[in-house]
Amino acid sequence: MKKVVVVGSGAGGATIARELQGAFEVTILEAGQEYSPFKMSAKLQEKFKRTGMLFDERLIQFLFPVMKIQKTADRMILVRGIGTGGTTTLATANALPMDQNLKEAGIDLDPEFKELTKEIPISTEHQKRWREDTRLLFTIFQEMGLNPKPTPKMSDGELCTNCGRCILGCPTGAKWDSRKFLRDAQAKGARLVTGCRVEEITIRNGKAESVHCRSGWKKASYSADLVVLAAGGFGTPRILQSSGISCESRLFVDPVLCVACIRPNSFQNREIPMPFISQQKGYILSPYFDPLSFYFNKEWKPPAKNILSLMIKLADTNMGKVEGNKIDKTLTAQDHKKLEEAVAVCIKILGRLGVKQEETFLGTINAGHPGGMLPLSAAEAQSMHPPSLPDNLYVADASLLPRSLGNPPSLTIMAMAKRIAKVIQSL
Ligand SMILES: Cc1cc2nc3c(=O)[nH]c(=O)nc-3n(C[C@H](O)[C@H](O)[C@H](O)COP(=O)(O)OP(=O)(O)OC[C@H]3O[C@@H](n4cnc5c(N)ncnc54)[C@H](O)[C@@H]3O)c2cc1C
Ligand code: SF4
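This write-up is about the structure you can find in this document. All of these numbers come straight from a predicted model, not from anything done at the bench. (Residues numbered from 1 in each chain as written. Chains lettered and ligands numbered in written order. Predicted model: local features only at pLDDT ≥ 70, side-chain atom pairs only at ≥ 80, totals over all residues. Heavy atoms only, no water.)

## Focus: the overall build of the chain
Step number 1: The helix and strand tally for the chain stands at eleven helices and 19 strands.
Step number 2: Rg of the C-alpha trace for the chain: 21 Å, near the compact-globule value of 22 Å for 427 residues, within the 12% margin.
Step number 3: When the backbone C-alpha atoms are referred to their principal axes, the chain occupies close to 65 × 45 × 45 Å.
Step number 4: Residue pairs in contact within the chain that sit at least 24 positions apart in sequence constitute 75% of those at least 6 positions apart. (Helix = DSSP H or I, 4+ residues; strand = E, 2+ residues; numbered from the N terminus. Rg over C-alpha atoms; globule rule 2.2 N^0.38 Å. Contact = heavy atoms within 4.5 Å.)

This is the structure in C-alpha cells:
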C-alpha cells in the first residue's frame, strides 16, 4: 500500500488523514504533544491575575502549553494551538460554511459541507441557555438592523452547560474538535507520531521523497509516496520555504479587537463564547469575553463577572509573511479604518445599554486564523494543487485560502481537506 505522510493534526490534517487512511497507509507527524486542557479554576485564574505576574501574553505557554503565542512588531498577539487537534482545541466551536472566496475561483464545497454536517454534531441548542444580557444584546442587534444569527456550534447541545471555557478545554466533552477525526483515522490504522516537528522535505527530480523532523535533540526522517502539509497558516509556509519552495507574501490573520464595558454581574465569562454573530462588510461582530485581554491588558481591571464585551473580527488585507521563526504582519491603514468603523458600531450598541462612550475600553488586538500564503486560484479549481508544489506534495490547510474570511474558517478548511482527499484518491 502507498505511504502518505500528513504533517499536522488540526482542522486540515486530521480531516485528510481520516479520509485517506485505508486507501493509503497514513502516518501523521504532529509537532505538539497530546492535548491537555487548562485545569485552573476561574477563581484561581483571577487570583493569579491579581499577583501581577501576568505581564506578557507569551507567559501563558507555561500554564497552558498547547497555546502558542507570538507577537508582531506592532504588538499584535498571534495565537495557535500546538498539539493533537491543532488550533481546533482552542476554538469556540463556531461552524460556518465560508467558501464564497473559493466559489469565485470555481471551487464549490457544498458536497463536502453536507458530509461534514452528517459527521459533526452542529447545533444552536445553546440559545435556550443564554443569559439575560446576551438576549438583550441580540434584541439590540436586531433593532439596529445588524441581522444577528445564533451561531451554529460544533458541539453536543445537550452536554453543553454554557460554562464559557471553550478555549481552555471543555469540561463536559460537549465541544467537538479535530481530535475526533484523528481518533477515527487511528482506529482505521493510521499512525500518529507526536512531539515530532517537521523541518524540511527533500525534493528530488520534482518529487517529495522524505520528510525530516526533530523530536527534541533527535532527528528522524520518513519516506513517503505522497506528503500532505497541514501545519497551519504559519507552520506550512515555514516548512515549504525551508524545502526551497517559495510562498506568497499574502498572509492574513483575522485580527480580533474587543470593545468592553462594566456591566455588574453580567457573567459573560460564564456564557458560551460568541453565542451569535452579525456578519458585516469586512468584519463580524459577536459578544465575546476575551480572556487574553482580561488577563494581560491593564485596562481590563474589573472582575471578570462585571465585564461585558463585543468582539470585532476583521477580514484583514492579505499582506504579510512568515520567514523562518519570524512573522511579518502589520495592519494596513485600510484595516485600521475598518476597525475604527466597527468600534463605533460597538459603542453605539453598548450605548443602547446606557453605557457612555468614555466608559468603554478596548482589548488587545489578537489573531488566530492565519492563512493565505499559498492561495488557490481558478486554474487549480480541479486539481486543488498549487503549481509551485511537486506532483506528490499537497497542502490541506488555511494556507490555501485566497483571502481572509474574517469569519470562523475551520469548517471550510475541513471541507477543502475532504475535497483534496478525493482528488488524491482519484490519481
Ligand atoms: C482562540 C481561537 C478560537 C477559535 N475559534 C474558532 C471557531 O470557533 N471556529 C472556527 O472555525 N475557527 C476558530 N478558530 C480558528 C481555527 O481553529 C483555525 O483556523 C483552524 O484550526 C486552522 O486549521 P489548520 O488545519 O489550518 O491549522 P491548525 O488547526 O492550527 O493545525 C496545524 C497543526 O500542525 C501542527 N504543526 C505546526 N507546525 C508543525 C511542524 N513543523 N511539524 C509538525 N506539526 C506541525 C500543529 O501542532 C497543529 O496540530 C479559532 C482560533 C483561535 C486561536
Ligand atoms: S460552553 Fe462549556 S460546556 Fe459548552 S462547549 Fe464550551 S466549554 Fe463545553
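## Section: the site of ligand 2
Step number 1: What surrounds ligand 2 is the set C160, T161, N162, C163, G164, R165, C166, C170, P171, T172, K175 and I272.
Step number 2: Taken together, the residues of the shell around ligand 2 break down into six nonpolar, four polar and two charged. (Near = heavy atom within 4 Å. Nonpolar A, V, L, I, M, F, W, Y, C, P; charged D, E, K, R; others polar.)

## Some remarks on the site of ligand 1
Step number 1: In the region of ligand 1, 36 residues are neighbours, and E30, T87, N94, V198 and S410 sit closest.
Step number 2: In this structure, an oxygen atom belonging to ligand 1 sits 3.2 Å away from a main-chain N or O atom of G83.
Step number 3: For ligand 1, an oxygen atom lies 3.2 Å from a polar atom in the backbone of A398.
Step number 4: Burial of ligand 1 by the protein chains amounts to 94% of its free accessible area of 1000 Å².
Step number 5: When residues of the shell around ligand 1 are traced back to their parent elements, those giving at least two are α1 (11-20), β4 (77-81), β7 (197-204), α8 (232-242) and α11 (410-425).
Step number 6: Of the residues that constitute the shell around ligand 1, the class distribution is 18 nonpolar, 15 polar and three charged. (Polar contact = N/O pair within 3.5 Å; in protein donor to acceptor, adjacent residues only side chain to side chain. Areas by Shrake-Rupley, 256 points an atom, 1.4 Å probe, with all protein chains shown as cover.)

## Examining the packing of aromatic side chains
Step number 1: Using the criterion set out here, one finds ten aromatic pairs in the structure.
Step number 2: With a centroid separation of 5.8 Å and an interplanar angle of 50 degrees, the aromatic rings of W130 and F276 are classed as tilted. Taken together, the positions of W130 in the loop between α5 (110-119) and α6 (132-143) and F276 in strand β12 (residues 276-280) put the pair 146 residues apart, joining distant regions of the chain.
Step number 3: Of the residues examined, W130 reaches a relative accessible area of 6% and is grouped as buried.
Step number 4: Among the residues examined, F276 registers a relative accessible area of 0% and is labelled buried.
Step number 5: Here W176 and F181 contribute two aromatic rings whose centre-to-centre distance is 4.9 Å and whose plane-to-plane angle is 80 degrees, an arrangement assigned as edge-to-face. (Phe/Tyr/Trp six-rings, centres within 6.5 Å; stacked < 30°, edge-to-face > 60°. Buried < 20%, exposed > 50% of the residue type's maximum accessible area, 1.4 Å probe, protein only.)

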